[in-house]
Amino acid sequence: MMSFAASASLFLAFIATGNAIECEVCSNRASLDCSGDLVTCDQSVESCQTAIAEYSFEGLDPIYNVFKNCSDVRSKNTLYRSAEKHGSYYLRVEVCKTNGCNKSPLEFPPKNTALNGVRCPTCSVDGDLSCEATEILDCVGEMTSCIYHAAQFRVSAAPAVSAAFRGCTSAGSREQLPVTPADTIEDVVTAIISKGV
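This structure is a prediction, so every number in the text was calculated from the model and none was measured.

(A) Molecular detail of the pairing of strand E10 (residues 145-153). The buried count for E10 comes to nine of nine residues, which makes it a mostly enclosed element. As paired strands, E10 and strand E11 (residues 161-169) are joined by nine bridges and run antiparallel to one another. For Ala 150, the partnering residue across the bridge sits in E11 and is Ala 164. Pairing between E10 and strand E12 (residues 185-194): seven bridges, direction antiparallel. The residue of E12 that forms the bridge with Gln 152 is Glu 186.

See the structure below:
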């Protein structure tokens, strides 16, 4: 009887393992694509994800990041933008549910740069977790709310830095802020979404 139970347990474990999704896992902090091995995800994971990000800062070339992995349970298809006086952040996340489905590269759709009538207080600071707005930013496209965000941010392979910014966002509430790869935004101190001024 014990032998039968052990055999049945092994068989069920084999079937369960066979049903786990396989996702490409890689990251690149210098482009919008990467390639890596197919990895069998944890049994609780039902999808793969690709996340691409663009950080633009006044006077500098854009910084691109890509992360492909087993999907966080909270992840969903996302197109997110935020902007402050001297820069902007653009994020796209795609979630899919078949083996190896995150191998293809993602691209951003064209940015909507039409003024939308929303205006937000703006400021940005590195090395601190607060900033006081001294100017107003005219929002564009789908960025129809204002944001005040302070956290540890990592935009390259360098260590995370404390930073804060105020500006425009496409999120209508804090709950709509995107789930980002774990090592890009850490230790969020402030995340406030509000209406324009």
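(B) Highlighting the state of the cysteines. A full pass over the atoms with the stated rule returns seven disulfides. Here Cys 41 is linked by a disulfide to Cys 70, with a sulfur-sulfur distance of 2.1 Å. Because the sign of the S-S torsion sets the handedness, a value of about -90° for the bond joining Cys 41 and Cys 70 places this disulfide among the left-handed ones. Of this pair, Cys 41 sits in the loop between strand E3 (38-40) and strand E4 (48-57) while Cys 70 sits in strand E5 (residues 63-70), placing them 29 residues apart in sequence. Neither Cys 41 nor Cys 70 differs from the other in exposure class; each is buried. With a sulfur-sulfur separation of 2.0 Å, Cys 120 is cross-linked through a disulfide to Cys 146. Handedness here is read from the sign of the S-S torsion; for Cys 120 and Cys 146, about -90°, the answer is left-handed. Within this pair, whereas Cys 120 is found in strand E8 (residues 115-126), its partner Cys 146 is found in strand E10, the two being separated by 26 residues in sequence. As far as burial versus exposure is concerned, Cys 120 and Cys 146 are alike and both buried.

(C) Focus on the pairing of E8. Where E8 and strand E9 (residues 135-140) come together, five bridges link them in antiparallel fashion. Note on E9: the bridge partner recorded for Leu 115 is Val 140. With four bridges joining them, E8 and E11 adopt antiparallel strand pairing. Each residue of the ladder has a partner; that of Asp 126, found in E11, is Ala 163.

What counts, and where the lines are drawn
Residues numbered from 1 in each chain as written. Predicted model: local features only at pLDDT ≥ 70, side-chain atom pairs only at ≥ 80, totals over all residues. Heavy atoms only, no water. Buried < 20%, exposed > 50% of the residue type's maximum accessible area, 1.4 Å probe, protein only. Helix = DSSP H or I, 4+ residues; strand = E, 2+ residues; numbered from the N terminus. Pairing = 2+ DSSP bridges. Disulfide = S-S within 2.5 Å.

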